[in-house]
Amino acid sequence: MKKLTLLITFVALSLLACKKQPLDKADKPKLPEDPMESAPVSGTTLGDNPNAEIICREVNAVLGYNQHVSLDVDADGNADFNFFSILIHHNDKPHMYLMVSPKSAKSARVMVRDGEELVINALWTQPLEKDELISETPVDGCIWTDALTKGFITGSSKTAQQESYTGLWAGKSDKFLGIRFKIDGNQHYGWIKLSHDKISDKISLISYAYQKIAGKAIEAGHTGS
């Protein structure tokens, strides 16, 4: 009888050990401070007016799986925004996210939807329409990221049975990401023009612009010309 009791106890403990434990918050995947950084790109300056209030540059870079872009907005040789892909397995499916990580060293930020933090320390970025104002006060329902928050642009999950996309940018063309960053300690506002293609699941970084006058707002899509 004693042996039978010991055997039952052993089996019960074994089953408890094998039981799947819930994912603790500390076990969630975390991103490094500056993930997936590549050689910074600045693009080609548009317009030849040295007195223009707005600096606008054409980029034509592509963000996709293992295709990363480090954008040097003020052309000082250092990246301000890192665009990258990350694979995460959650909800029993693999997901690929295309993301942006503002550089905390430059006090760079992106405009995101206010809400509950997602799988990792990130929020969905907000696609702006042309002429929407980018300033210290975000558009309705949005906030500026803090030093630790990244921005999801799109998410996709592809299995043998189905293909799905998440995020506010999925399948959209010529929308604008609101950005801000510092030059010599002063805040500057700008935008990055993006388009997402569902067939390739890639994002085109088309162009960007920023206001040269510190603290002055800029309208999405405006180039000063």
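Note on numbering: residues in each chain are counted from 1, in written sequence order. Only residues with pLDDT of 70 or above have their local features reported here, since the model is predicted, and side-chain atom pairs are shown and tallied only from 80 upward, although totals for entire chains, interfaces and linings are computed over all residues. Heavy atoms throughout the structure, all of them, feed into the side-chain values; hydrogens and water do not.

## Considerations on the confidence of the model for the protein
Here's step 1: Scored by pLDDT, the protein comes out at a mean of 84, with 83% of its residues at no less than 70.
Here's step 2: Confidence per residue, as judged by the predictor, is encoded in pLDDT with a range of 0 to 100. By the convention used here, residues are in contact when the closest approach between their heavy atoms is within 4.5 Å. Across residues 1-27, where pLDDT falls below 50, the model places two contacts with residues more than four positions away in sequence or in other chains.

## What to know about the pattern of salt bridges
Here's step 1: Criterion for a salt bridge: a side-chain nitrogen of Lys or Arg within 4 Å of a carboxyl oxygen of Asp or Glu. Per the counting criterion, the structure on display carries three salt bridges.
Here's step 2: Between Lys175 and Glu129 there is a salt bridge whose closest N-O contact spans 2.8 Å. With Lys175 in strand β14 (residues 175-183) and Glu129 in the loop between β9 (127-128) and β10 (133-134), the pair connects residues that are 46 residues apart, well separated along the chain.
Here's step 3: Only protein chains enter the accessibility calculation, which uses a 1.4 Å probe; a residue is then buried when its area is under 20% of its type maximum, exposed when over 50%, and partly exposed in between. Given the relative accessible area of 16%, Lys175 is considered buried.
Here's step 4: Assessed through its relative accessible area of 40%, Glu129 is described here as partly exposed.
Here's step 5: Between Lys130 and Asp131 there is a salt bridge, with the nearest N and O atoms lying 3.6 Å from each other. Helix and strand labels come from DSSP, where a helix needs a run of H or I of at least four residues and a strand needs a run of E of at least two; each type is numbered from the N terminus.

## Some points on unusual backbone geometry
Here's step 1: A positive phi is found at Asp174, a non-glycine position, where the angle reads about 55 degrees.
Here's step 2: Along the chain, Asp174 falls in the loop between β13 (163-166) and β14.
Here's step 3: Residue Asp174 is classed as partly exposed on the basis of its relative accessible area, which comes to 40%.
Here's step 4: A positive phi angle, near 55 degrees, is found at Asp201, a position not held by glycine.

## So, the packing of aromatic side chains
Here's step 1: Two rings from Phe, Tyr or Trp (for Trp, the six-membered ring) form a pair when their centres are within 6.5 Å of each other. A pair whose planes differ by under 30 degrees is stacked, one over 60 is edge-to-face, and the rest are tilted. With the rule as written, the count across this model stands at six aromatic pairs.
Here's step 2: With a centroid separation of 5.3 Å and 50 degrees between ring planes, the pair formed by Trp124 and Phe152 is classed as tilted. Linking Trp124 in strand β8 (residues 122-124) with Phe152 in strand β12 (residues 150-158), this pair joins segments that are 28 residues apart in sequence.
Here's step 3: According to the relative accessible area criterion, Phe152 is buried, its value standing at 0%.
Here's step 4: Both rings, one in Trp144 and one in Tyr189, keep their centres 6.1 Å apart while their planes meet at 45 degrees; by these two values the pair is tilted. Here Trp144, found in strand β11 (residues 142-144), pairs with Tyr189, found in strand β15 (residues 186-197); they are 45 residues apart in sequence, far enough to count as distant.
Here's step 5: Grouping aromatic residues by their ring pairs yields a cluster made of Tyr97, Trp124 and Phe152.

## Concerning the environment of Lys198
Here's step 1: Inspection of the secondary structure puts Lys198 in the loop between β15 and β16 (202-211).
Here's step 2: Since its relative accessible area comes to 39%, Lys198 is described here as partly exposed.
Here's step 3: In this structure, the C-alpha to C-alpha distance between Lys198 and Lys172, residues 26 residues apart in sequence, is 8.9 Å.
Here's step 4: What Lys198 contacts, discounting residues up to four positions off in sequence, is Tyr165, Ala170 and Gly171.

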